Amino acid sequence: MPAAPTIREALDAARQATDRIEARMLLREVLRQPDAYLLAHDDAPLTAAQARQYAGLVARRAAGEPVAYITGRREFHGREFRVTPAVLIPRPETELLVELALRRLPAGAAQRVLDLGAGSGCIGVTIAAERPQARVTLVDASAEALDVARANAARWAPANTALRHGDWYSPVVGECYDLIVANPPYVADGDAHLAQGDLRFEPRAALVSGADGLDAIRRIVSAAQRHLSPSGWLLLEHGYDQAGACADLLRAAGFTGLLAECDLAGIVRVSGGRRPGASGG
Ligand code: GLN
């Protein structure tokens, strides 16, 4: 790269380390300008300091660090979320879980929602922002993760979110919700994917859950009825091969109206069920 490369030259040079979209995301961080600026001014030179800073970010990406951790942000369901290495990076497939939750929350109804293992808060905060009448409680066992969720809640849904520190249901003993959502850890210990890509940098506790990856899901499902109001829903994201096991667990725990929804790749990604209604038994 020349000493004072233009925007175009800097982006071209970065292509050896990463793809075009990520090269742009990193340059936007350095220049603090939107994409439109990069496109309209691609012959503008960077300062020497900007070129140095950009080369530093590109080198971090080349070493494998996820872009979202380098920039500290990731878009999810149309909103920008703060992200640190204390939380899982929000993924597009998790938007399916949010969509399914929103379909079960009529606008204007004062429903109570629980997001277990909230991480960045992208699920619970999005639901709270889209349904201002709902009250959303976000739980996480990691204090560092909860700090990130708190910042995101303060930005997008300060009026109707509450944050609780603790393991699964332990901070909500005795409380009942109309909808429980979770994207728990569900990767099996020793899964080869853990040594690949972004997963290498993400918190183990947010990814891994026992020998078959189902430990957290078992805990969430087995105690869910105690925390659901009659006809309340439990919705869970899970691994590509866990739909059958999740359906078995839900049925065994007394859930009805079982649901299994596919992501854009056609893989069942979200399963759930309903607590039997008060009169139906
Ligand atoms: N969907 C993630 C992955 O396999 C895992 C997230 C999780 O365990 N909740 O990349």
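If you're wondering where the values come from, they're calculated on a predicted model, not measured in any experiment.

Taken together, Leu88, Arg91, Asn183, Pro184, Pro185, Tyr186, Val187, Leu199, Ala206, Leu207 and Glu237 are the residues near the ligand. Between the ligand and Tyr186 there is a distance of 2.7 Å, counted from a nitrogen atom to a side-chain nitrogen or oxygen. A distance of 3.5 Å separates an oxygen atom of the ligand from a polar backbone atom of Leu207. Protein burial of the ligand: of its 300 Å² of free accessible surface, 87% is covered by the chains. Residues of the shell around the ligand, tallied by class, amount to eight nonpolar, one polar and two charged.

Bringing the nonpolar core into the picture now. Counting residues in each nonpolar core, the largest one holds 29 residues, and the members touching the most others are Leu114, Leu116, Tyr169, Ile180, Ile220 and Leu234. Of all the secondary-structure elements, those providing two or more residues to this core are strand 3 (112-116), strand 6 (177-182), helix 10 (215-224), strand 7 (228-237) and helix 11 (243-252). Examining the composition of this core, we find that six residues originate from one element, helix 10, more than from any other.

Evaluated as defined, the whole model comprises one aromatic pair. An angle of 85° between the planes, with centres 6.2 Å apart, marks the rings of Phe76 and Phe81 as edge-to-face. The class of Phe81 is buried, set by a relative accessible area of 0%. Cation over ring: Arg79 sits above Trp156, and NZ or CZ is 5.8 Å from the ring centre.

Let us now look at helix 7 (residues 122-130). Counted residue by residue, helix 7 has seven buried out of nine residues, so it is predominantly covered. Turning to helix 7, its buried residues are Cys122, Ile123, Gly124, Val125, Thr126, Ile127 and Ala128.

For the rest of this paragraph, the subject is helix 11. Burial in helix 11 covers these residues: Ala243, Cys246, Ala247 and Leu250. The arc enclosing the buried residues of helix 11, seen along the axis, measures out at 100°, which places them on a common side. The inward-facing, buried residues of helix 11 contact helix 10, strand 7, strand 8 (256-262) and strand 9 (268-274). One or two steps after helix 11, the chain reaches Gly254, where phi turns positive at roughly 95°.

Here is what the cut-offs are and how they apply
- Position numbers for residues count from 1 along each chain, tracking the sequence in the order it is written.
- This being a predicted model, a pLDDT of at least 70 is required before a residue's local features are given, and a value of 80 or more before pairs of side-chain atoms are given or counted; all residues contribute to the totals for chains, interfaces and linings.
- Heavy atoms from the whole structure form the basis of all side-chain values; hydrogens and water molecules are not counted.
- Only a single heavy atom is needed: when it lies within 4 Å of a molecule or strand, its residue is near that molecule or strand.
- Polar contacts, as used here, are pairs of N or O atoms within 3.5 Å; protein pairs need one atom able to donate a hydrogen and one able to accept it. Residues neighboring in sequence count only if both atoms are side-chain atoms.
- Here the Shrake-Rupley method, with its probe set to 1.4 Å, supplies the accessible areas, and only the displayed protein chains count as covering residues.
- Amino acids are sorted into nonpolar (Ala, Val, Leu, Ile, Met, Phe, Trp, Tyr, Cys and Pro), charged (Asp, Glu, Lys and Arg) and polar (every other residue, Gly among them).
- Residues belong to a common nonpolar core when they are buried Ala, Val, Leu, Ile, Met, Phe, Trp, Tyr or Cys residues joined through side-chain atoms within 4.5 Å.
- Residue burial is assigned from relative accessible area. The probe radius is 1.4 Å, only protein chains are included, and a residue is buried under 20% of its type maximum, exposed over 50%, and partly exposed in between.
- Only runs of H or I of at least four residues qualify as helices and only runs of E of at least two qualify as strands under DSSP, and these elements are numbered from the N terminus.
- Stacked, tilted and edge-to-face are the three classes applied to pairs of Phe, Tyr and Trp rings, where Trp contributes its six-membered ring and a pair requires centres within 6.5 Å; stacked means planes under 30 degrees apart, edge-to-face means over 60, and tilted covers the rest.
- Only Lys NZ and Arg CZ are tested; either one counts as a charge over a ring when it is within 6 Å of the ring centre and within 35 degrees of the ring normal.
- Think of it as the arc spanned by the lines of direction from the helix axis to the C-beta atoms.
- Any two residues having at least one pair of non-hydrogen atoms within 4.5 Å are treated as being in contact.

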